Amino acid sequence: MSLIPKKGNVYVVDDDEAVRDSLQWLLEGKDYRVKCFDSAESFLTRYDPREVACLIADIRMDGMTGLELQDRLIERKSPLPIVFITGHGDVPMAVQTMKKGAMDFIEKPFKEEELLALVERMLDQARDAFSSHQEAASRDALLARLTTREAQVLERIVAGRLNKQIADDLGISIKTVEAHRANIMEKLNANTVADLLKIALGATAKA
């Protein structure tokens, strides 16, 4: 067994067994971890959004089509990068998938080098998206530690309000505002107001 870590996870969804086998052989030969599915439905029941991965899917399949699969992933707000395999007559349909966010489409018969380059691009995008998701989750976890009153004080700090103005807004003393401010800094692991703003504004930008 190789001790070299795998490059990344690649999901393959195609109802043609020969295509699945061919892609699995090609990608595993390049040290990707490959998971194959014979239908969009079976993929959706097994897909783990916590994995750094990408998806290669046939655009035309029995049951749920590639287009419908993409719609389901959009509904789930999945960041999973997708490339579609298309037949000669499916280019207009493939263009539609790109308008909805697919990274690319590749026509059969495709060149191995072209597909491998697409997979690497998709995994780069997946790593960036996963990193952003982790940062956002970390911010959300920090902000969830604040009390309702601390959240109100933070909202006004971000708006540029001074301690006296915050005290007037909330009907509390300046000393109480200062105490809340110190608690907020500690709970959010912020050493400076700039740190505080980065955490709070990062969460706002995500929302």
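Treat the numbers as computed from the prediction; the structure is a model and nothing was measured. (Residues numbered from 1 in each chain as written. Predicted model: local features only at pLDDT ≥ 70, side-chain atom pairs only at ≥ 80, totals over all residues. Heavy atoms only, no water.)

Colleague: How would you sum up the side chain of Glu 150? Please name residues and give values.
Modeller: As for its position among the elements, Glu 150 is in helix H6 (residues 148-158). For Glu 150, a relative accessible area of 4% translates into the label buried. (Helix = DSSP H or I, 4+ residues; strand = E, 2+ residues; numbered from the N terminus. Buried < 20%, exposed > 50% of the residue type's maximum accessible area, 1.4 Å probe, protein only.)

Colleague: Got a sec to walk through the pairing of strand S3 (residues 53-58)? Specific residues and values, please.
Modeller: Burial of S3 is extensive: six of the six residues sit out of reach of the surface. Of the two faces of S3, the one carrying Ala 53, Leu 55 and Ala 57 and the one carrying Cys 54, Ile 56 and Asp 58 are both buried. Pairing geometry for strand S1 (residues 9-13) and S3, over five bridges, is parallel. When the sheet's bridge partners are listed, Asn 9 is paired in S3 with Ala 53. With four bridges joining them, S3 and strand S4 (residues 82-86) adopt parallel strand pairing. The residue of S4 that forms the bridge with Ala 57 is Phe 84. Chirality of the crossover, the property in question, places the unit of S3, helix H3 (residues 66-75) and S4 among those that are right-handed. (Pairing = 2+ DSSP bridges. Right-handed = clockwise from strand over helix to strand, strands pointing away.)

Colleague: Give a detailed account of H3, specifying residues and quantitative values.
Modeller: Every buried residue belonging to H3 is among Gly 66, Leu 67, Leu 69, Gln 70 and Leu 73, and all of these are buried. Projected down its long axis, H3 carries its buried residues within an arc of 160°, all on one side. Looking at the buried side of H3, the elements it contacts are S1, helix H2 (40-46), S3, S4 and helix H4 (91-99). The positive-phi residue at the C-terminal boundary of H3 is Lys 77, with phi of around 60°. (Arc of directions from axis to C-beta. Contact = heavy atoms within 4.5 Å.)

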